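Commentary on secondary and tertiary structure
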Amino acid sequence: MSWRDAVDLTRLNRPVGIYLVLWPTLWGLWLAAEGVPPIWVLIVFVLGTVLMRSAGCVINDYADRHFDGHVARTCDRPLATGRVSEKQALGLFVLLGVLAFALVLTLNGLTIALSLVGLGLSALYPFMKRHTHWPQLFLGAAFAWAIPMSFSAVQAQVPVVAWWVYATTLVWALIYDTAYAIYDKPDDLKVGIKSTAVLFGDYVRPAIFMFQLLMLAGLVAIGWVFELGWAYAISVVIAAGLMGYHQILLGKGQASSAFQAFLHNHWIGAVIWLGLVVAYL
């Protein structure tokens, strides 16, 4: 397997997925530490985010190896074209998982235990699209798992309020991954892959709107519970504006516009994190 194939398999050349995991991870760390977290913990989580997102991409392609060749967006992936073997892909997945786990071993016991759950969620998600129209829910559960891990790494506990942040992050994944699924919907229907975009059909835009309202309610509640003040409030208002822009993109009724909404979603995470940074300064 060449380096180029490894990069394509892990999607390191398409970092938006890393951002979508990284921003809520930083939310959790800043909330748990009430400001800048311990530097080593920050390093572990940033590197861990890159490693686990990459591992997730590898296992996703392994799970979809018999379907990707029939989908226009994915037909050139390394497993679909045979440039990478199934054995090589699984070996890379294990390697990335071991490296991430080695980093977690430098943290406390609770965080180590939670990391095993996170690894299980990451491995489970790709196979859910065969069995349920809610694979986006499982993706959210995996992507948001950095929240309880962040609190456990900083506080050696996972308080109840951490689960509120977790739920809000999970809803956010439903928003952007449903937009992503709109792009793949025609091909997914052909090969029998399920998604929330398929489930909601013509009502997918209002469904995303309802998820956006839920996320905004969650963000407001986070600001209230953690007493974050005006800077964070401004970031939530900006995030609401970005959601409005995404609704405009979805309203065009084009798959490419929905994909653009997905790509642009990570700015919501960035804005909320900046709000937290300023709030704690």
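First things first, this report covers the structure right here in the doc. (Residues numbered from 1 in each chain as written. Predicted model: local features only at pLDDT ≥ 70, side-chain atom pairs only at ≥ 80, totals over all residues. Heavy atoms only, no water.)

Considerations on the overall build of the protein chain
Definition in use: For helices the rule is a DSSP run of H or I covering at least 4 residues; for strands it is a run of E covering at least 2, with both sets numbered from the N terminus onward. A radius of gyration in this sense is built from C-alpha atoms; the matching globule rule multiplies 2.2 Å by the number of residues raised to 0.38. Remark: exposure states derive from per-residue accessible area (1.4 Å probe, protein chains only) relative to the maximum for the residue type, with buried under 20%, exposed over 50%, and partly exposed in between. Any two residues having at least one pair of non-hydrogen atoms within 4.5 Å are treated as being in contact. Each accessible area value is a Shrake-Rupley result obtained with a 1.4 Å probe; residue values ignore everything except the protein chains displayed when judging cover.
Scanning the protein chain from N- to C-terminus turns up 14 helices and 0 strands. When the helices and strands of the protein chain are read in sequence order from the N terminus, they spell out α-α-α-α-α-α-α-α-α-α-α-α-α-α. For the protein chain, whose C-alpha radius of gyration is 18 Å, the value lies close to the compact-globule estimate of 19 Å for 281 residues. C-alpha extents for the protein chain along the principal axes are approximately 50 × 45 × 30 Å. For the protein chain, with 281 residues in total, the buried portion stands at 54%. In the protein chain, the proportion of contacts linking residues at least 24 apart, taken out of those at least 6 apart, comes to 74%. With an accessible surface of roughly 12,500 Å², the protein chain has 69% of that area assigned to carbon and sulfur atoms.

A look at the packing of aromatic side chains
Quick note on the threshold: Centres within 6.5 Å are what make two rings of Phe, Tyr or Trp a pair, Trp counting through its six-membered ring; a difference in plane orientation under 30 degrees is then read as stacked, over 60 as edge-to-face, and the rest as tilted.
In the structure shown here, the tally under the stated rule is 16 aromatic pairs. Taking 5.8 Å as the distance between ring centres and 55° as the angle between the ring planes, the aromatic pair formed by Trp-145 and Trp-163 counts as tilted. In this pair, Trp-145 is assigned in the loop between helix H7 (135-143) and helix H8 (146-155) and Trp-163 in helix H9 (residues 160-191), connecting sequence segments 18 residues apart. Among the residues examined, Trp-163 registers a relative accessible area of 34% and is labelled partly exposed. Measuring from centroid to centroid gives 5.8 Å for Phe-259 and Phe-262, while their planes differ by 35°, and the two rings are tilted. In this pair, Phe-259 and Phe-262 are both assigned in helix H13 (residues 255-264), 3 residues apart and thus about one turn of the helix distant.

Comments concerning the side chain of Ser-257
Here Ser-257 is to be found in helix H13. Those residues in contact with Ser-257 that sit more than four places away from it in its chain are Leu-249 and Lys-252.

Section: the pattern of salt bridges
Operational definition: By definition here, a salt bridge exists when the distance from a side-chain nitrogen of Lys or Arg to a carboxyl oxygen of Asp or Glu is within 4 Å.
Under the criterion given, the structure shown has 2 salt bridges. Arg-83 is the partner of Asp-8 in a salt bridge, and the nearest nitrogen-oxygen pair spans 3.3 Å. Taken together, the residues span a long stretch of sequence, with Asp-8 in helix H1 (residues 3-10) and Arg-83 in the loop between helix H4 (78-81) and helix H5 (86-104) at a distance of 75 residues. Given a relative accessible area of 24%, Asp-8 falls into the partly exposed group. A salt bridge links Arg-11 to Asp-61; its shortest N-O distance comes to 2.8 Å. Note that Arg-11 is positioned in the loop between H1 and helix H2 (16-33) and Asp-61 in helix H3 (residues 39-63), a separation of 50 residues in sequence. Under the relative-accessibility criterion, Asp-61 is labelled buried at 0%.

Describing the environment of Asn-13
Applicable threshold: Here a polar contact is taken to be a pair of N or O atoms separated by no more than 3.5 Å, where protein atoms must pair a possible hydrogen donor with a possible acceptor and residues adjacent in sequence count only if both atoms sit in side chains.
Inspection of the secondary structure assignment puts Asn-13 in the loop between H1 and H2. As a C-alpha pair, Asn-13 and Ile-147 span 134 residues in sequence and 25 Å in three-dimensional space. In this view, Asn-13 contacts Val-7 and Asp-8; residues no more than four positions away in its chain are not counted. Engagement of the side chain of Asn-13 in a polar contact is seen with the side chain of Asp-8, the distance being 3.3 Å.

Brief notes about a nonpolar patch on the surface
Note the cut-off: Within this analysis, patches are made of residues with over 30% relative accessible area and no salt bridge. Like charges are joined at 9 Å or less; nonpolar side chains (Val, Leu, Ile, Met, Phe, Trp, Tyr) at 5 Å or less.
There is a patch of nonpolar side chains on the surface, built from Val-36, Ile-39, Trp-40, Ile-43 and Leu-47 and spanning about 490 Å² of accessible area. Tracing the backbone shows Ile-43 in helix H3.

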